[in-house]
Protein chains: 2
Amino acid sequence: MNKYVYMFDEGNAGMKSLLGGKGANLAEMTKIGLPVPQGFTVTTEACNSYSGEWNKELPDSLVDQIFESMDRLENITGKKFGDPQNPLLVSVRSGAVISMPGMMDTVLNLGLNDRSVLGLAGATSNERFAFDSYRRFIQMFGDVVTHIERYKFENILEGVKEKRGVEYDTDLTAEDLKIVVGKYKDLFSKEMNRDFPQDPREQLLMAIEAVFNSWNNPRAIAYRNINEIPHNLGTAVNVQSMVYGNMGDTSGTGVAFTRNPATGEKKVFGEFLLNAQGEDVVAGVRTPKDINQLQDILPEVYEQFTAVLNTLEKHYKDMQDIEFTVERGKLYILQTRNGKRTAAASLKIAVDMVEEGLLSREEALMKIEPQHLDQLLHPNFDPEVLKNARLLAKGLPASPGAATGKVYFTAESAACAAAQGEKVILVRQETSPEDIEGMNAAEGILTSRGGMTSHAAVVARGMGKCCVAGCGEIRVEEAGKRLVAGDTVVKEGDFISLDGSTGKVYLGSLPRVEPELSGSFAVLMEWADRVRSLKVRTNADNPRDAATALKFGAEGIGLCRTEHMFFEEERIPAVREMILSKTTEQREKALAKLLPMQKEDFKGIFKVMEDRPVTIRLLDPPLHEFLPKEDDDIKELALNMGISFDELRGIIEEMSEFNPMLGHRGCRLAITFPEIARMQTRAIIEAAAEVIRETGLQVKPEIMVPLVGSVTELEYLKDIITETAGQVMAETGVEFEYLIGTMIEVPRAAITADEIAREAQFFSFGTNDLTQMAMGFSRDDAGKFLSAYRDKGIIDTDPFQRLDQAGVGKLVEMAVKLGKAARPDIKLGICGEHGGDPSSIDFFYRVGLAYVSCSPFRVPVARLAAAQAVIRNNNI
Amino acid sequence: MNKYVYMFDEGNAGMKSLLGGKGANLAEMTKIGLPVPQGFTVTTEACNSYSGEWNKELPDSLVDQIFESMDRLENITGKKFGDPQNPLLVSVRSGAVISMPGMMDTVLNLGLNDRSVLGLAGATSNERFAFDSYRRFIQMFGDVVTHIERYKFENILEGVKEKRGVEYDTDLTAEDLKIVVGKYKDLFSKEMNRDFPQDPREQLLMAIEAVFNSWNNPRAIAYRNINEIPHNLGTAVNVQSMVYGNMGDTSGTGVAFTRNPATGEKKVFGEFLLNAQGEDVVAGVRTPKDINQLQDILPEVYEQFTAVLNTLEKHYKDMQDIEFTVERGKLYILQTRNGKRTAAASLKIAVDMVEEGLLSREEALMKIEPQHLDQLLHPNFDPEVLKNARLLAKGLPASPGAATGKVYFTAESAACAAAQGEKVILVRQETSPEDIEGMNAAEGILTSRGGMTSHAAVVARGMGKCCVAGCGEIRVEEAGKRLVAGDTVVKEGDFISLDGSTGKVYLGSLPRVEPELSGSFAVLMEWADRVRSLKVRTNADNPRDAATALKFGAEGIGLCRTEHMFFEEERIPAVREMILSKTTEQREKALAKLLPMQKEDFKGIFKVMEDRPVTIRLLDPPLHEFLPKEDDDIKELALNMGISFDELRGIIEEMSEFNPMLGHRGCRLAITFPEIARMQTRAIIEAAAEVIRETGLQVKPEIMVPLVGSVTELEYLKDIITETAGQVMAETGVEFEYLIGTMIEVPRAAITADEIAREAQFFSFGTNDLTQMAMGFSRDDAGKFLSAYRDKGIIDTDPFQRLDQAGVGKLVEMAVKLGKAARPDIKLGICGEHGGDPSSIDFFYRVGLAYVSCSPFRVPVARLAAAQAVIRNNNI
């Protein structure tokens, strides 16, 4: 028979997935001898079976185990369940594997009925307390278990208070409370068509079922979706004997952190209320006292308390968040868990604990959530100001940071306003490569469409610029130069503020707090660098981004996109001339104009990166992306080209594609127009030659061919690149090493990686496109169904943010194996968005890549995640 | 040392890839004792090395082998190369592995020079013949080896003829020809800045190099592209001692087929010229005689000749195409090869040869090119009429057959004209699902955009309807109701004719020849059915197509697309209502209107298919495909819906996608809107129940979930399907078996096929989409670069027509292995376009699929190809 129920002294902290976080910790505390009110835990397995094969009924086997455990609890406490003399009362609480605070339900004081309430009164010599407990129990049970609306109980209580002419609950006498109890029971009978259950065993089973059911209440489901918690974990149920903080002035209750969760300072932080139960703290009727005042009020308890805190920190090797109750001078620990903290606090605590000898460096590194580093690198709004800010809408937190500025609706007007010194927020339905200059000029970017990996999101992250994307709550009227959110209309020039870490959009201009990088940050990063084996490069398209990334510790450029350079105002005419050329000669002429500009770009980047490797990708996007879309722009271009509007529009239409993602782009461009590859190779090699000559630096260009699906594509372009590079070296007389490699982003490339590796000196996994093609998800369109997919449990996480290891990951693994077999010294890296995602970085470490490349602001995240991967996978 | 040269008596027919087709056959004929002028073959390997690592130079090792072989040839013939008394003369001809008639170069009479021409005159006692041979040699050598333009030789010859006042070459005397030779040599010196080479050894090496180079001449490359012949095979070079058919009236030359290549009749077919060389036959100066007249003219030769024909047919077990020469009464066979023939002839010959005991049935089946069966099933234009027809343009031969009718430019006008009894050709830039009714009404379809697997092509093939697609030479002006091809304008109502087998478009109305299915066809198909193990199903969406496919031998439906049914005029309003619903209730109401119509569709199909399996795919295309695109249509719909034009256009724009191929479609529709799956399941199961009750047939529905990438998708929908089917069975009281399975068309599905197989009773490979996603090619857009890819040798064949076995095929193989491991009895089939392609069918047989499904008219092709796969892979 399955064991579904564990006494606290049967479990330990390692049984979290079975007992939930709270249950496992209660067991662990029991094991290490801390004063914990005893009880037992019903397992998460039971919860899952209840929702599943048991069809929402508790089977006899489980019921038997529950009551056997109650018997044992009676023996431990010396009290009896439902006893009219010395009744055993219990709390029934949920306890999920991953903490979901406030999301599920709790019942306190269970076991009270018309007879045992008298026992409680006798045992505590406090009739008022007993009836107050009883009325609280009926109210909580009614609310949580039978879903009677809470206000109905409140109305009764308020009615009695009014009648008695008192202001606070505490002013009611025992007799008053008996009246309340009576009215509560009447309410229950009326609402439920049955009497309030007097059998404590029935109460217990009903409460356990209620907790099981609360796992799937809407707010719990929503919380799990937001926090990426799987829906199939289930919750455990903790049944614990009650202790009371409301038994007079030597009783009390409180919460405490072992260190300051905001700053990390090593000083107990928390608050308590004398003569109160936990819910009084929450209700906010009385103002709690600072925890340190306990020293004066109950010095012995305080001494014991600090000793317990020390024990807990040493035991759990982490800052703890504790709930405690003092019952008539006796301390009970009700719960402990790792305390939530700010990013800054987490760094300080980790470094301090190493200095205190509590943690090894590796353990300290594992304590930091890499994602949290983002908070430290970007400015944020003042939390105090946010409390009163006017929220306009909420979108996706696409790129962290905080930005305030005047709204503009076109890239041109944004760039123009910024040039005049204005702070600008660019607002678009969605952005396209045409908008690059406007995005660059803006403080932040807001779009109404597109997901976490839409153009706006990816480019903004690359720029380290705040972005809220896919904000469907607003309607962007680009033509009308306004945005509408509910009843509010924001016009061009009005101020808004974006919080890219939360996705929130505020009306007006909000003050920001600039980030400070603490000493702990530098210390931890240095520890991480010593541990990690994965190199961390950056995706950067210009010297400025490259310099930012270097500051954050980048060791090279893993992806320099050459197309962003094409959109600059002085270049786009030559780019369009190139695209619209009818002959190779025309095209070569236009390319010749671009050559010196591209060369200067590369020289700038090489100089910043010095002797670090720089991977430059040949032109990738479909050419039609560079052509104008609006009639006015087409007219202007037609005029410049000396052809008719209709002819030009015809050409642009002819170039449009049904599925540009799968169209004429990547290496397909360079194969149909080899002169593009020749120009770009020449720009790269000439730039490198000149920088080497000018500075003596060991420039290391790596030329990357995008979208290869077949080795024949790479062969064709490799010939062109090699030939051109050879020519340039002969012309300049400067010889140096460079590599030729390819992106692995088409599934076929992964499948035939052995063939491709014979021609490629390196692979860089383009996991964005690989995900799109392997899963058949267009990242620009998938928003339409991915949210339904998450609601229905079909996917757990957004595969564009976290690599789909079971599917796309298999292709990566396959390509690594095939590639290494064909060319043992092949250089393997990844330059998709996943290069900055910790769980994906762990995967890349495991499959044996040499480096990850991510946007500049993700570099510290990647450094830490890479160190954690080593520690995690080698049990260091 | 590598052996690069083989004497004819060293080779055999099995060495085709090394010796080329001609060389291997000359060796084979030598081996079986036929009268072949002796010689030797330089291998294809040498050709490839010449173009590759030898850098276009002949290495000494090869030169040595060539001249050793010349020594042996001198010994065999008793003549000496360049000898002034009895010179050995040779022909130098290309001989590729796969015949490429006329594409590469030949030099005859090599070995003649100013001295040996006198030896030839002496040996033949015919000075005129000798100098005629010499001038022919110089001309051919000049043309083929040194690329002197041919007309320059012709001008000299014409000049001499004019001067001599004669009409024909044959009227020139030996003295005249000596003058011609002198002038030819002068021309050569002037053009080449050197004397005409007098050293026969130099002549020979130059000629061999010329043949090697001719492998990569532009017309050869173009021919290989058209005929899907790999570019890396290379050509062999055959050096053969000359024999002469122009040595008087007991000499002659001719070509013959052992049977009639047009009808298959068992009677020698061919023609010959007395006293002539091969090129005279080609020149057409004299009219050749029927081969059978040889019996009267040279009876002994004829007798020997027919004996040789018999030997050859028995030896090669196929109808032979022979070149022969009679030199002074002695018969020489210069070449034999399998004769090209019409599809009708190929069937008759194969069946006859089995009856004659020449072939086994399996051998007979292997003689038929499955693709050729298409010719037999569709009407064609009268070839005589075509000679004088006015060609308008040439597009892709997208769906075979011949169609004539009046041009209409919209589906509506086409349908309307057809309803009034007109024969109609629908002409569009491209078609979309909206055009289905117009396509159905038309005789044929012509599009200016899109490839072999564009919407027009796929749907037309499904309908067995003639289609020319992607005809870029015409400009379709849909608004102006006209098409422009060069200077010709075709207006609405004008007649054009389409040849879907060649892609040619003709002006005016051309008469057609209806196909006749011969008895041989039925016999061969029956043999094929006995051999094959792959089942052949069809892709059919309605009872009519299903009935056609049954007639051609289909054994079930492998793909019934439910969306085509949605476009019919009476349904589209309900479909649009469903799509534009804002609530689930609205959507369910609209779906309820569609339910009875879908049910009737399925009943019709079930009744036709009787107890054969019918795979029905749930709704697949993105919903925006069903919405109107033109402003007028949007206005009308808005009016019907009672909303504003702007609102409706806004909704339609909101639904549009960047990459619809990777967007909200397939099972993603049914997951976001489960009510669609419920309605469709209900329609299928109710239809089956009613047909079972009405007819007692054993209906076998197989419900197919499209675009699954993750098992969780299938699980979700399987629950809905099972629940709905259970409800319907309970309601109707009819219980029967049905299957639930999935398409494998997303790469991730193939990679995780083990997980998916646990939920799927069958897999049907959707190789169209699998190819698109695995290769990253949008089939609607790939036309823009695939032709460049073929020209540059990056791909050999269109992956949408012939499965890319090395890449996409690997995914299929992986899915088969994983699927079978997880569910040994899983039913495996394929329903992409590749299901009708013979080489792909061979692959599907090898990886162990159970069936292929293809459009109705491809069913016979698939039956034959499936039989050939068994024979080929088991060496039967």
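Heads up: the structure comes first, above all this text.
Residues numbered from 1 in each chain as written. Chains lettered and ligands numbered in written order. Predicted model: local features only at pLDDT ≥ 70, side-chain atom pairs only at ≥ 80, totals over all residues. Heavy atoms only, no water.

**Section: the relation of the copies chain A and chain B**
Note the cut-off: Here the copies were fitted onto each other by least squares, based on C-alpha atoms from residues at pLDDT of at least 70 in both. The contact rule is simple, with two residues in contact once any of their heavy atoms fall within 4.5 Å.
Mapping chain A onto chain B calls for a screw motion: a turn of 179° about the axis and a shift of 0.2 Å along it, with 0.4 Å RMSD after fitting. Each copy turns onto its partner about a two-fold axis. Here 98% of the interface residues in chain A have copies in chain B that are interface residues too; the copies meet face to matching face.

**Quick look at the pattern of salt bridges**
Residues and elements named next belong to chain A. Operational definition: For this document, the term salt bridge refers to a Lys or Arg side-chain nitrogen within 4 Å of an Asp or Glu carboxyl oxygen. Secondary structure elements are taken from DSSP: a helix is a run of H or I of four residues or more, a strand is a run of E of two residues or more, and numbering for both begins at the N terminus. Burial classes follow relative accessibility: with a 1.4 Å probe on protein chains only, a residue under 20% of its type's maximum area counts as buried, one over 50% as exposed, and anything between as partly exposed.
Counted according to the given criterion, the structure contains 127 salt bridges over all chains. For lysine 406, the salt bridge goes to glutamate 422, with nearest N and O atoms at 3.7 Å. Residue lysine 406 is found in strand E16 (residues 402-408), and its partner glutamate 422 is found in the loop between helix H17 (411-419) and strand E17 (424-428); the two are separated by 16 residues along the sequence. Judged by its relative accessible area of 26%, glutamate 422 is partly exposed.

**Here we look at the packing of aromatic side chains**
All names here are of chain A. Heads up, the condition is: Two aromatic rings from Phe, Tyr or Trp, using only the six-membered ring of Trp, form a pair when their centres are within 6.5 Å; if the ring planes differ by under 30 degrees the pair is stacked, by over 60 it is edge-to-face, and anything between is tilted.
Overall, the coordinates contain 37 aromatic pairs over all chains when judged by the stated rule. Note on phenylalanine 566 and phenylalanine 626: the rings are 5.8 Å apart at their centroids and 50° apart in plane angle, and the pair reads as tilted. Taken as a pair, phenylalanine 566 in the loop between strand E27 (557-561) and helix H22 (572-579) and phenylalanine 626 in the loop between strand E28 (613-617) and helix H24 (631-641) lie far apart in primary sequence, 60 residues in all. No difference in accessibility class separates phenylalanine 566 from phenylalanine 626, as the two residues are buried. An aromatic cluster is present here, built from Phe137, Phe141, Phe188 and Phe196 joined pairwise through their rings.

**Thoughts on the environment of B:Ala689**
Residues and elements named next belong to chain B. The topology assignment puts alanine 689 in helix H27 (residues 674-695). When the C-alpha positions of alanine 689 and glycine 248 are compared, they lie 84 Å apart, and in sequence the two are 441 residues distant. Apart from the residues lying within four places of it in its own chain, the contact partners of alanine 689 are Thr732, Val734 and Phe736.

**A word on the sheet that holds strand E6 (residues 106-110) of chain B**
Residue and element names in this part refer to chain B. This is how it is decided: DSSP bridges decide pairing: two strands pair if at least two such bridges lie between them. Lines are fitted to the C-alpha atoms to define the axes, a helix being fitted only along its stretch in contact, and any angle between axes, read from their N-to-C directions, falls within 0 to 180 degrees.
If you walk across this open sheet you meet the 5 strands as E1-E2-E7-E5-E6, and the pairing is antiparallel. Lying at the two open borders of the sheet, with one neighbouring strand each, are strand E1 (5-7) and E6. Pairwise comparison of adjacent strand axes, ignoring direction, gives a mean angle of 20° for this sheet. Pairing between strand E5 (residues 90-96) and strand E7 (residues 235-241): 7 bridges, direction antiparallel. Its bridge partner lying in E7, arginine 93 is registered against asparagine 238. Seen against the sheet, helix H8 (residues 200-214) touches strand E2 (39-42), E5, E6 and E7 and runs at an angle of roughly 145° to E7.

**Examining unusual backbone geometry**
Residues and elements named next belong to chain A. You will see that lysine 317, though not glycine, has its phi angle at about 55°, which is positive. Position of lysine 317 among the secondary structure elements: in the loop between helix H12 (299-316) and strand E11 (320-327). At glutamate 610, a position not held by glycine, the phi torsion is positive, near 50°. Looking at the secondary structure, you find glutamate 610 in the loop between helix H23 (584-609) and E28. Looking at glutamate 610, the relative accessible area reads 37%, which means it is partly exposed.

**Here's the deal with the nonpolar core**
Heads up, the condition is: Residues belong to a common nonpolar core when they are buried Ala, Val, Leu, Ile, Met, Phe, Trp, Tyr or Cys residues joined through side-chain atoms within 4.5 Å.
By size, the foremost hydrophobic cluster in this structure holds 312 residues, and its most contacted members are A:Phe606, A:Phe763, B:Phe606 and B:Phe763. Other than its neighbours up to four places away in sequence, A:Phe606 contacts A:Val614, A:Ile616, A:Ile684, A:Ala687, A:Ala688, A:Val691, A:Leu697, A:Val699 and A:Pro701.

**A few points about the interface of chain A and chain B**
Applicable threshold: Note on definitions: buried area is the accessible-area loss of two parts on being combined, 1.4 Å probe, summed for both.
On the chain B side, the residues contacting the 52 residues of chain A number 51 residues. Between chain A and chain B, roughly 4,600 Å² of surface is buried when both sides are summed, and carbon and sulfur atoms account for 56% of that area. Contact with chain B buries surface across chain A, with A:Phe658, A:Leu662 and A:Arg748 losing the most and accounting together for 14% of the total. Here B:Arg748 ties to A:Asp804 by a salt bridge, and the two come within 2.5 Å at their closest N and O atoms.

**Here's the deal with helix H19 (residues 455-463) of chain B**
Residue and element names in this part refer to chain B. With 9 of 9 residues buried, H19 is to be regarded as a mostly interior element. Among the residues of H19, His455, Ala456, Ala457, Val458, Val459, Ala460, Arg461, Gly462 and Met463 are the ones counted as buried. Summarising the contacts, the buried residues of H19 are in contact with strand E15 (396-399), helix H18 (436-441), strand E18 (444-447), strand E19 (466-469), helix H21 (543-551) and strand E27 (557-561).

**Concerning a negative patch on the surface**
Residues and elements named next belong to chain A. Rules: Patch membership requires over 30% relative accessible area and the absence of a salt bridge. Like charges are linked within 9 Å, and nonpolar side chains (Val, Leu, Ile, Met, Phe, Trp, Tyr) within 5 Å. The accessible surface values rely on the Shrake-Rupley method and a 1.4 Å probe; as for residues, cover is taken only from the protein chains in view. The sign given to each residue is positive for Lys and Arg and negative for Asp and Glu; His and the chain ends receive no count. Charge coordinates come from a single atom per side chain, which is NZ of Lys, CZ of Arg, CG of Asp or CD of Glu.
Taken together, the side chains of Glu412, Glu437, Glu569, Glu570, Glu630, Asp631, Asp632, Asp633 and Glu636 define an acidic patch exposed on the protein surface. At 4 residues, H24 tops the list of elements feeding residues into the negative patch. Topologically, glutamate 630 is positioned in the loop between E28 and H24. With a relative accessible area of 53%, glutamate 630 lands in the exposed category.

**A few points about the sheet that holds strand E7 (residues 235-241) of chain A**
Residue and element names in this part refer to chain A. Strand order in the open sheet formed by 5 strands is E1-E2-E7-E5-E6, and the pairing between neighbours is antiparallel. Each end of this open sheet is capped by a strand with a single partner; those strands are strand E1 (5-7) and strand E6 (106-110). Going across the sheet, the axis of each strand differs from the next one's by a mean of 20°, ignoring polarity. The sheet strands contacting helix H3 (residues 60-77) are E1, strand E2 (39-42), strand E5 (90-96) and E7, and the helix crosses E1 at an angle near 10°.

Geometry only, nothing functional implied.
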